[in-house]
Amino acid sequence: MHIPPVRECEIIPEHIPLDILYEDSELLVVNKPKGMVVHPSAGHSGGTLVNAVLYYCKDSLSGINGTIRPGIVHRIDKDTTGSLIICKNDESHLHIAEQIKEHSIKRIYRGIVSGNPRETEGTIEGNISRHPTDRKKMAVTANGGKPAVTHYKVLEQWKSAAYMEFCLETGRTHQIRVHMARIGHPLLGDTVYGNSKNPFKLQGQTLHAMTIGFIHPKTGAYTEVTAPLPKYFENLVQKFQNGL
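Because the structure is a prediction, the values reported are computed rather than measured. (Residues numbered from 1 in each chain as written. Predicted model: local features only at pLDDT ≥ 70, side-chain atom pairs only at ≥ 80, totals over all residues. Heavy atoms only, no water.)

Q: Describe the packing of aromatic side chains, listing the residues and the values that go with them.
A: Scanning all chains against the criterion turns up 5 aromatic pairs. Taken together, the ring pairs connect Trp158, Tyr163, Phe200, Tyr232, Phe233 and Phe240 into an aromatic cluster. Sitting over the face of the ring of Tyr55, Lys58 holds its NZ or CZ atom 4.9 Å from the ring centroid. (Phe/Tyr/Trp six-rings, centres within 6.5 Å; stacked < 30°, edge-to-face > 60°. Lys NZ or Arg CZ within 6 Å of the ring centre and 35° of its normal.)

Right, dumping it as structure tokens:
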């Protein structure tokens, strides 16, 4: 029996508004909203960030990751908001990808976790790989996996939750979510790694990719971009500050 080769599906540009934080001839940094998938996948053929950037950038996108991921050099989860770099050409893509590989890109996240962390700041280390029984999840593993390092700091502590800042030394899939669940303080709203019940009716984890810093592929200058906290996040912080 002849099995035809797998063909990537055609991605249709869609006129979806983009919150552009920075743009020049080489790249743009967008503020990805909650609920938006980065690139098409099973069950998400449209409405993705790729559909939106294809419409906005036309043919000015890198092609290194194939036609299904034009311009995409790194990702964040569907329900994580914030800064994401989109590369307009292959040269810039390779330059940014090398910085990601070397862990030299600055990535600062903000999140709200459940409970009271014992230490106000620290570092979590633990290799991350696919969960042994649930293939949709990641897990800290003693054997195998890829090294993962998350630095954290408590910004505000409340009765039942904490407002935190995370600095990624590595960028593994679900890294912050897995590491915080590992130490007993999952992100609020994360029904995958935390409580299946969601008392605040949140749409997924309360996590925001706030700041990204990198060496510009053309100018060689350090460039830093910050995405403002989304409204739902600000409102939740205010509720906790007011004692709920």
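Q: So what's going on with the nonpolar core? Which residues, and what values?
A: Of all hydrophobic cores here, the largest spans 30 residues; its most connected members are Leu49, Ile86, Tyr109, Met164, Phe166 and Ile176. Elements with a contribution of two residues or more to this core: β2 (27-32), α1 (49-57), β3 (81-87), β4 (106-114), β8 (149-157), β9 (161-168), α3 (175-182) and β10 (207-215). With 5 residues, α1 is the largest single contributor of residues to this core. Residues contacting Ile86, with those up to four places away along its chain left out, are Leu27, Leu28, Val30, Leu49, Val53, Leu61, Gly71 and Ile72. Within the second largest apolar cluster, 12 residues are counted, among which are Ile112, Ala161, Tyr163 and Leu202. (Core = buried A, V, L, I, M, F, W, Y, C linked by side-chain atoms within 4.5 Å. Buried < 20%, exposed > 50% of the residue type's maximum accessible area, 1.4 Å probe, protein only. Helix = DSSP H or I, 4+ residues; strand = E, 2+ residues; numbered from the N terminus. Contact = heavy atoms within 4.5 Å.)

Q: Tell me what's going on with unusual backbone geometry, and back it up with residues and numbers.
A: Phi at His103 takes a positive value of approximately 60°, unusual for a residue other than glycine. Inspection of the secondary structure puts His103 in the loop between α2 (90-101) and β4.

Q: Now, about the environment of Tyr193: what can you tell me, with residues and values included?
A: Residue placement: Tyr193 occurs in the loop between α3 and β10. Each residue touching Tyr193, except ones within four places of it in the same chain, is listed here: Lys137, Met138, His174, Arg177, Val178, Ala181 and Pro186. There is a polar contact of 2.7 Å between the side chain of Tyr193 and the backbone nitrogen of Met138. (Polar contact = N/O pair within 3.5 Å; in protein donor to acceptor, adjacent residues only side chain to side chain.)

Q: If you had to explain the pairing of β3 to someone new, which residues and values would you point to?
A: Taking burial as the measure, the 7 residues of β3 include 7 buried ones, the bulk of the element. By the bridge criterion, 6 bridges tie β2 to β3 in an arrangement that is antiparallel. Bridge pairing links Val29 to Ile85 in β3. In this structure, β3 lies alongside β10, joined through 2 bridges in parallel fashion. (Pairing = 2+ DSSP bridges.)

Q: Give a detailed account of the pattern of salt bridges, specifying residues and quantitative values.
A: Tallied over the full model, the rule gives 6 salt bridges. The salt bridge involving Lys88 is made with Glu23; its shortest N-O contact spans 2.8 Å. Taken together, the residues span a long stretch of sequence, with Lys88 in the loop between β3 and α2 and Glu23 in strand β1 (residues 20-23) at a distance of 65 residues. Overall, the relative accessible area of 14% leaves Lys88 in the buried class. Ionic pairing is found between Lys106 and Glu224, a salt bridge with its closest N-O pair at 3.1 Å. Highlighted residues: Lys106 in strand β4 and Glu224 in strand β11 (residues 222-226), separated in sequence by 118 residues. Given the relative accessible area of 34%, Lys106 is considered partly exposed. Here the salt bridges do not stand alone but share partners, grouping Asp77, Arg177 and Asp190 into one network. (Salt bridge = Lys/Arg side-chain N within 4 Å of Asp/Glu carboxyl O.)

Q: So what's going on with the pairing of β10? Which residues, and what values?
A: Taken residue by residue, a regular strand's side chains alternate between the two faces of the sheet. Among the 9 residues that make up β10, 8 are buried, leaving the element largely enclosed by the rest of the structure. By the bridge criterion, 5 bridges tie β10 to β11 in an arrangement that is antiparallel. Bridge pairing in β11 places Ile212 opposite Val225. What sits between β10 and β11 in their antiparallel hairpin is a turn of 6 residues, with Gly220 showing a positive phi close to 80°.

Q: A description of helix α4 (residues 231-241) should follow, citing residues and the corresponding values.
A: Residues of α4 that are buried: Phe233, Leu236, Val237 and Phe240. For α4, the angular spread of buried residues about the axis comes to 100°, placing them on one side. Of the surrounding secondary structure, the elements contacted by the buried residues of α4 are β4, β9 and β10. (Arc of directions from axis to C-beta.)

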